[in-house]
Every structure is written in C-alpha cells, then in structure tokens.
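One-letter residues, chain by chain:
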Amino acid sequence: MASSRQDYIAPWWTYWLHSFPHLNFNFQTVDSTFKPEDTSYQQSLIFLACVSAVGLGLSLLVLSAYLTCLCCRRREEAEEVKRPDTCCVTWAAVITGLVICSAVGVGFYGNSETNDGVYQLTYSIYNANHTLGSIGSLVGNSLASMQVGLKEHLERLDEIFSPRGDYTQTLHFMQQMANNVIQQLTAMPDTMKVQVDLAAIADKTSFIEYYRWLTYLLLLILDLVICLVACLGLAKQFRWMLAVIMVCGVLTLIMSWASLGAGTATAVGTSDFCVSPDKFIVNQTKDSLSADIVHYYLYCSQSLPNPFQQSLTIFLRSLTTMQIQVQGLLQFTVAVYPTAEKDLLGIQRILNSSEFNLHQLTALLDCRSLHKDYLEALLGVCYDGVEGLLYLCLFSLLAACAFCALLCAVPRAWTLIAIRDRDYDDIDEEDPFNPSRRITPYNPSRAQVHSFCSYSSSMGSQTSLHPPLQATSSTPEYMNQSMLFERSPRYENVPLIGSGSPPPSYSPSMRTTYLSMTDAQIRHFGTDFQI
C-alpha cells in the first residue's frame, strides 16, 4: 500500500531493514509484517537483539584468548631490559582514540536525529489528538443543545400555542428537524475512544524516548571520558589509570553490544511499520472506525468522497429550515403571545450556536488537517527516527571494536610499566648519584669537611682552583660529603683519588679528570680529607 502513495514514499533503508530475516526461537521464518501483538513477531525481534549477544560473547572470547597468550608468552631477557617496544602501544592508543572520538560524534548525531524524529511523531499525534478532541466536543455540545435546550423551549411553546393548531404544527415540524439533526450527530463516529488511544500512545512514546535519549547521552559521555583517560594513561603509563580503563572498558564493551542489539531490533521493527503503515492503522481502527473513513484520512485523495458530507448537508438544511420557522413565529406570534418571545429567542440562539459549531465541524472533519499530521508523523519516525537509529547502531559497533582494541593494549602497557620499574630498581645502591638513596639529616659536627664534588666543575686546569671557604653552619646540605655517603666517618674522609679509581658510576671523562690530579693538589686538600 505504501508504494502507491504519492505523498509518502518509504526511504530505501526501511526496505533494507525490512528484508532482514525474521526468525522465531525455533529458527522458523516469520512474516515480516508489523504485528507487535503477535508472539512470533515479538520473538523475531528478540532474536535479532540476541545476535549482538553472540558478538559480545565472541569479543570476550577473543579478549580472553589474547590475554591468555600474553601471559604465557616469554620474551628474551635482553630485549625486555634494554629497549622495550612501545610503538605498538602508542599506535593502539592513537588509533583507538580516533575511532572512539569518531564513534562518539556519530552517536551524538544519531541520538539527536532519533530524538527529533520521535519528537515530530509525538507532536503530530498530539495535534491529531487535539483535532479529534475538538470534533468530539463540537458534536457533544450540538447534540446536548438539540436534545435538552431545544426540547425544553419547544415544550413550553407547545403549551403557549395550544389554542392555535397551525402554530403547534409548526412546532412539531421543528421537532422533526431537530430529530434529524440528532440522528446525524449520533451517527458520527465516536472520536473519544480514538482520542484516548492516541493520548496514551503519545505519552508512552514520550516517556520511553526521554529515557532512551538520556541513556545514550550518558553512554556517549562515558565513552568520551574513557577515551581521554585511556589516551592519558597509555601515554603517561599510570597504573591506576590502566586499572580504571580495564574495568570501565569491559563495562562499556558490554553496554555497546547491548545498545547495538536494542537499536537493531528497534530499527527493524520500525522499518516493518514504515513499509506499510496504512495497513497496520486500518487493522488497528477497524473496531472503532469504518474502512472508508480511515482511507479518507490516510490518503486524502480528491477521488475519495467525504464520508461525512451527507450528514453535514442534512444538518445544515435542518438548521436552515428551523431558522426560517422561528423567524416566522417571531413575526406573527409575539403580538398575540408575548410570553412566547423568550422561548423563540432562546431557540434562535441555540440554532445560531449549532450553525457555528457546524462550520467548525465541517473544517475539522476535512481530511487535510488530520492527513497532514499523519504525514508528519510518518516522516518523523521513518526518516529521521530510523536514520538516527542506524547511526546509533554504527556508533555501538565502532565503540565495541575500539574498546576491544583498547583492552588488548592495556596489558601490554602494564608490562611496559613493570619493565620500567624494574630497570629503575636495578640502579646500583652504591652509586652516590642514585636518586632513590635516602638522604641523612644534616650533622653540624661534620661541617668542617669540604665536598670534593663542589670543585669538580673547575678541575680542568690547576689555575682555576681556589682554596675552599671556611665552612660555617650555613653551608648547604648538598655541599657536604657526609650528605652524599651514608658510611662510617672513617670512610667519609678518605679521598677518592687515594682509592685508585672513582666509583663505578662515574663517566670516563670524570675518571680521567680525577686521575690527572697532581701531588700538589692532593697536598692542598690533604688537611680536609685525612682520617
């Protein structure tokens, strides 16, 4: 039915999603016609959602196999100690960050498009609901006026005009016209039931959409935060960041696959509706509205007659006839029966109000208003809504793949941190330049000992040497020999030159400088370095 529509053509992606295989839990093919109340059709959508669970299981299986192989893998000791390979981790961090950022951008766009489509759907439903409510209100008011107000005035006039048979005959004719109006109004379809159904659908749709939008928004923000923390953690190699990435990454991976399954099932179900929406609406309204009325509003074609035209015509003719009769009675009976003027004027007001309601009812019953709302609802849900769901599915798939790669890179980064810490701990503890050595508190009794290292920068020539200044209590701690060596006092005052060789951590250039000291220099500093 949708292919014959000239004002609505289902987009190509709805046909593509509609062609997805629909299988129930027994792996039997199910008709893809949109039937949400059918159990087999519900099972087919749940089956599509469960496909993502298979993807999640495969992802976790691949991650488990990779982590197992990584734990069992043995590297050569020399390769681990000398130059660990960080290129793989760096590229994994860069590529994963780019993919996650791209996926988040796609997700924000898809979430916005879906929200716009659902908002347009609910807005159109509320408009249609308001139109149906106005129709029901006009019909109800006109019917009450004819059944109650007009009847009371005619009964009093019948008592007043009882001596005149011609006047009472006119009143009976007006009652007959009023009965015709009541009959036509009663034959109008009851729009109150349809109005209640539309209001419930719009409210439920708005409620679900709000939490759907909020859930995806939080998921997008979480992915973005994890991406930033992952890039920082892999670049700076912080253990706590890697632990957070590992835990949050697994959680986000599960949520990504879950959102992919839910988005796929929703997109396929919505596409099944969008391919043939007229057929579904006709089946849903067959108990409350006739088929010709539903087709009149769904297609709004010039070739289709207005199913309310005859009723509206009889309504208008009856009101016009009663107006003429009331005008005649006002003209000829008021002078003889002055008490009848009040009731005649009351009948005239009721007829004028009913005629005004008739014009409004004619405009509201025209197909163009409701048909416009119907088209806007279809365009919103089938174009923006389904398109946004496809972008959200793409986001979920990209995020799942990116977090799989991220979780594979985290253990390697953890290994590199362990190698770095081990190399740091392998520094010789006898090395005086080891930053991990504990520095002892300053001892004033050793203030007279001059640091030999303070003159190392001027050892290039003998002329640049100057006698050390008299040590005072204000001498910095880093200038004291005792602050550099945590040994007994009898070894602290032994000159390094006298030991024959400098500590093994000294560079070759420093060793040459130390060994090139002359006896005069040794005698010059001998008083400060004697035991």
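All residue numbers here refer to positions counted from 1 along the written sequence of the relevant chain. With pLDDT at 70 or above as the cut-off, local features in this predicted model cover only qualifying residues; side-chain atom pairs require 80 or more to be listed or tallied, and sums for whole chains, interfaces and linings still use all residues. Each side-chain value is worked out from all heavy atoms of the structure, with water and hydrogens disregarded.

Quick note on the threshold: UniProt positions are given in the numbering used here, feature names are shortened, and annotations may be inferred rather than shown by experiment.
If you check an unreviewed UniProt entry, the chain appears there as Protein tweety homolog from Sinocyclocheilus rhinocerous. Database annotation for the chain, UniProt heading Function (unreviewed entry): "Probable chloride channel."

### Description of the state of the cysteines
For the record, the criterion: When two cysteine sulfur atoms lie within 2.5 Å, the pair is treated as a disulfide. Helix numbers and strand numbers start at the N terminus; a helix is a DSSP run of H or I with at least 4 residues, a strand a run of E with at least 2. Any residue under 20% of the maximum accessible area for its type is buried, any over 50% is exposed, and the rest in between are partly exposed; the area is computed with a 1.4 Å probe on protein chains only.
Taken as a whole and judged by the stated rule, the model has 2 disulfides. In this model Cys300 forms its disulfide with Cys367; the gap between the sulfur atoms is 2.1 Å. Because the sign of the S-S torsion sets the handedness, a value of about 60° for the bond joining Cys300 and Cys367 places this disulfide among the right-handed ones. On the criterion of sequence distance, the pair formed by Cys300 in the loop between helix H9 (291-299) and helix H10 (309-333) and Cys367 in helix H12 (residues 367-425) is long-range, its members being 67 residues apart. Exposure class is identical for Cys300 and Cys367. Each is buried. Numbered by position along the chain, the disulfide-linked cysteines of the chain connect as 1-4, 2-3. Cysteine Cys227 remains unbridged, with the sulfur of Cys101 as its closest cysteine sulfur at 3.8 Å.

### Observations regarding the pattern of salt bridges
We apply this condition: We count a salt bridge whenever a side-chain nitrogen from Lys or Arg sits within 4 Å of a carboxyl oxygen from Asp or Glu.
Using the criterion set out here, one finds 5 salt bridges in the structure. Taking the shortest distance from any N to any O, the salt bridge between Asp343 and Arg156 comes out at 3.0 Å. Pair noted here: Asp343 is in helix H11 (residues 340-365) and Arg156 is in helix H4 (residues 87-160), with a separation of 187 residues, a long-range link. With a relative accessible area of 38%, Arg156 lands in the partly exposed category.

### Here's the deal with the nonpolar core
Worth spelling out the cut-off: Definition of nonpolar core: a set of buried residues of the types Ala, Val, Leu, Ile, Met, Phe, Trp, Tyr and Cys, connected through side-chain atoms within 4.5 Å. The contact definition used throughout considers only heavy atoms, calling two residues in contact when any of these lie within 4.5 Å.
Judged by nonpolar contacts, the single largest core of 98 residues is most densely connected at Met146, Phe161, Leu253 and Met322. If you tally residues by element for this core, the top one is H12, at 21 residues. Setting aside residues up to four positions removed in sequence, Leu253 forms contacts with Leu56, Ser59, Leu60, Leu63, Ala400, Phe403, Cys404 and Leu407.

### A word on the packing of H10 against H11
Here is the rule: As a rule, the C-alpha atoms of each element are fitted with a line to give its axis, helices using only the stretch in contact, and angles between N-to-C directions run from 0 to 180 degrees. The cut-offs work like this: below 35 degrees is roughly parallel, past 145 is roughly antiparallel, 65 to 115 is roughly perpendicular, and the gaps in between are oblique. Definitions for this section: a left-handed crossing has its near helix turned counterclockwise from the far helix by less than a right angle. A right-handed crossing has that turn clockwise.
Two numbers describe how H10 lies on H11: the axes approach to 10 Å, and their chain directions differ by 160°. When the interaxial angle is binned, H10 and H11 end up roughly antiparallel. Like other packed secondary-structure pairs, H10 and H11 cross with a definite hand, here left-handed.

### Topic: the packing of aromatic side chains
Short version of the rule: Pairs were defined over the aromatic rings of Phe, Tyr and Trp, the Trp ring being its six-membered one, requiring ring centres within 6.5 Å. Orientation was assigned from the angle between planes: stacked under 30 degrees, edge-to-face over 60, tilted for the rest.
In the structure shown here, the tally under the stated rule is 17 aromatic pairs. Where Phe34 meets Phe273, the ring centres are 5.7 Å apart and the plane angle is 65°; that geometry is what we call edge-to-face. Placement of Phe34 in the loop between helix H1 (12-18) and helix H2 (39-72) and of Phe273 in helix H7 (residues 239-275) is noted, with a sequence separation of 239 residues between them. There is no split in this pair, since Phe34 and Phe273 are both buried.

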